[in-house]
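Fold and contact review
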Amino acid sequence: MTKNYTIFGDPVEHSKSPQMHNAGFKQISFDGNYTKTHLLNGSTIKEKFLSDNLKGANITVPHKIDAFKAADEIIGLANKIGAINTYINENNKVIAYNTDAPGFMKAIEEFQDIEPINTVLLLGAGGTSKAIAVALREINIDVTVLNRSMNNKDFFTDLGCKFYDWDGMRLLFSGGGFVLSYDLIINSTSAGLKDELYPVSLELLKPLVEQSTFAFDCIYGKLTPFLQIAKEYGIKYKDGEDMLLYQGVIAFELFTDIKADNDLVESMRKGLKES
Ligand SMILES: NC(=O)c1ccc[n+]([C@@H]2O[C@H](COP(=O)([O-])OP(=O)(O)OC[C@H]3O[C@@H](n4cnc5c(N)ncnc54)[C@H](OP(=O)(O)O)[C@@H]3O)[C@@H](O)[C@H]2O)c1
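Residues numbered from 1 in each chain as written. Predicted model: local features only at pLDDT ≥ 70, side-chain atom pairs only at ≥ 80, totals over all residues. Heavy atoms only, no water.

1. A short note on the layout of surface pockets
Where empty space is left becomes clear once a probe the size of a water molecule has been rolled over the atoms. Size it by volume and the second largest pocket reaches roughly 200 Å³. Contributing to the lining of the second largest pocket are Met1, Thr2, Lys3, Asn4, Asn53, Leu54, Lys55 and Asn89. When grouped by side-chain class, the residues that make up the lining of the second largest pocket number 2 nonpolar, 4 polar and 2 charged. (1 Å grid on protein atoms, 1.4 Å probe; cavity = no way out; pocket = protein on both sides within 12 Å on 5 of 7 lines; lining within 4 Å. Points joined across faces, edges and corners; volume = space filled by probe spheres on them. Nonpolar A, V, L, I, M, F, W, Y, C, P; charged D, E, K, R; others polar.)

Right, here's the structure in full:
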């Protein structure tokens, strides 16, 4: 019998998850079907998931926290992150995972193969930054968060991250004597997504990028203003395509109980890129 999957979001029209997962199902001749579900009210997500007779689902903005709260069981790092993006139906019990965090770690492996990453500057303090910070702190990487506001400061400092707003970072610069070079600088703000904004003022961004070894942008499919600076300084950089792909691959493995080989991963990448 066909197993059904969906992505819940609001909005959800733009999501490329169905084409990515359906390409994966086709590649391994798995009898699965993945759709989009526009869900307005996040507090109804668990009953909707169960009543739609789904085997699994992904959850995107703005429902990741509601979905976390509603799950019967939370597995792994998601407990620390406080948000999830994957549901699995196990005998009508809703089991929840966060695959954004391991998806991100997989995406930066190619940097780590060149040089170890010990220090990270994370621009932004929203949901994605939380998942990334938890994953990095789990392996004791030193994380500094720089955000335009003090939002979520306690979450990050409780994890053992340093936290600055722009004024705080300016003070660090003017004080001198501090190490302001990082192995990896990450844009996990939404600046650059639907606009041409920098995630932090240029006066701070330029020296921070110049002194980094690698740059990563969670936004995918475009050379953002942030990545343009990395390119100008000759820093090795990548966008968020692999992060999106690998969060999907890890969810796919949970959906199907099948370990993804290279051919499967590349078929999912091809699905993702279909217009
Ligand atoms: N590749 C992937 O698989 C993947 C997965 C998830 C997300 N993403 C991308 O990651 C980004 C963040 O998503 P999210 O869910 O974490 O969003 P979110 O929870 O809404 O957080 C947004 C963050 O960006 C900051 N911000 C927003 N506009 C800004 C601006 N103009 N200048 C500077 N900072 C700004 C916010 O600062 P305040 O706290 O001060 O509001 C906050 O820290 C988005 O671009 C999203 O598309 C990619």
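2. Notes on the sheet that holds strand β4 (residues 73-74)
The 6 strands lie next to each other as β2-β1-β3-β5-β6-β4, forming an open sheet whose pairing is mixed. Every interior strand has two partners, whereas the edge strands, β2 (32-38) and β4, have only one. Packing of helix α1 (residues 17-27) onto the sheet brings it into contact with β1 (3-9), β2 and β3 (56-59), and relative to β2 it is tilted by some 170 degrees. Contacts from helix α12 (residues 241-256) reach β1, β2, β3, β5 (86-90) and β6 (93-97) within the one sheet, and its direction differs from that of β5 by about 5 degrees. (Pairing = 2+ DSSP bridges. Helix = DSSP H or I, 4+ residues; strand = E, 2+ residues; numbered from the N terminus. Contact = heavy atoms within 4.5 Å. Axes fitted to C-alpha atoms, helices over the stretch in contact; angles between N-to-C directions.)

3. Topic: the nonpolar core
Nonpolar side chains tend to gather and get buried jointly when the protein is soluble and globular. In this structure, Phe104, Ile108, Leu136, Leu184, Ile186 and Phe216 are the most contacted members of the largest nonpolar core, which totals 30 residues. Looking at this core, the elements with two or more residues in it are α5 (100-107), β7 (119-123), α7 (127-138), β8 (142-147), β10 (184-187) and β11 (214-217). Ranked by residue count, the leading element in this core is α7, at 6 residues. Residues within four places of isoleucine 108 in sequence aside, it is in contact with Ile117, Leu136, Leu184 and Phe216. Counting residues in hydrophobic clusters, the runner-up holds 22 residues, among them Phe30, Ile88, Leu245 and Leu272. (Core = buried A, V, L, I, M, F, W, Y, C linked by side-chain atoms within 4.5 Å. Buried < 20%, exposed > 50% of the residue type's maximum accessible area, 1.4 Å probe, protein only.)

4. A closer look at the sheet that holds β7
Strand order across the open sheet formed by 6 strands is β9-β8-β7-β10-β11-β12, with parallel pairing between neighbours. If you trace the sheet from one side to the other, it starts and ends with β9 (162-165) and β12 (236-238), each paired once. Strand-to-strand twist in this sheet, taken as the mean axis angle between neighbours without regard to direction, amounts to 15 degrees. The pairing of β8 with β9 spans 4 bridges and is classified as parallel. For threonine 144, the partnering residue across the bridge sits in β9 and is lysine 162. Strand contacts of helix α10 (residues 202-210): β7, β8 and β10, with the helix running at about 140 degrees to β10, the strand carrying the most contacts.

5. Some words on the site of the ligand
Taken together, 22 residues are adjacent to the ligand, and Ala125, Thr128, Asn147, Ser149 and Cys218 come closest. At a separation of 3.4 Å, an oxygen atom of the ligand approaches a polar backbone atom of threonine 189. At 2.8 Å, a backbone N or O of cysteine 218 approaches a nitrogen atom of the ligand. In the complex, the protein chains occlude 76% of the 930 Å² of accessible area that the ligand would expose alone. Among the elements of the structure, α7 and α12 are those that each provide at least two residues to the shell around the ligand. Along the lines of polarity and charge, the residues of the shell around the ligand split into 10 nonpolar, 11 polar and 1 charged. (Near = heavy atom within 4 Å. Polar contact = N/O pair within 3.5 Å; in protein donor to acceptor, adjacent residues only side chain to side chain. Areas by Shrake-Rupley, 256 points an atom, 1.4 Å probe, with all protein chains shown as cover.)

6. Considerations on unusual backbone geometry
With the exception of glycine, the majority of residues adopt a negative phi angle, and the majority of peptide bonds are in the trans configuration. Residue aspartate 10 is joined to proline 11 through a cis peptide bond whose omega torsion reads 5 degrees. Its place among the elements puts proline 11 in the loop between β1 and α1. Here valine 61 and proline 62 are connected by a cis peptide whose omega angle stands at 5 degrees. Here proline 62 lies in the loop between β3 and α3 (64-70). Positive phi is not limited to glycine here, since asparagine 140 has a value of about 60 degrees. Counting through the fold element by element, asparagine 140 comes out in the loop between α7 and β8. The class for asparagine 140 is exposed, based on a relative accessible area of 63%. Located in the positive-phi region is aspartate 257, a residue other than glycine, with phi close to 65 degrees.

7. Remarks on the environment of proline 207
If you trace the backbone, proline 207 turns up in helix α10. Sequence spacing of proline 207 and leucine 50 is 157 residues, and the spatial spacing of their C-alpha atoms is 50 Å. Apart from residues no more than four positions distant in its own chain, proline 207 is found in contact with Phe173 and Leu202.

8. Observations concerning helix α13 (residues 262-273)
Taking 1.5 Å as the rise per residue, α13 with 12 residues should run 16 Å; its terminal C-alpha atoms sit 17 Å apart, in good agreement. For α13, the complete set of buried residues consists of Leu264, Val265, Ser267, Met268, Arg269, Gly271 and Leu272. Contact partners of the buried residues in α13: α1 and α12. Backbone nitrogen of aspartate 263 and a side-chain oxygen of the N-cap are separated by 3.3 Å at the start of α13; the cap is aspartate 261. (Expected span 1.5 Å × (residues − 1).)

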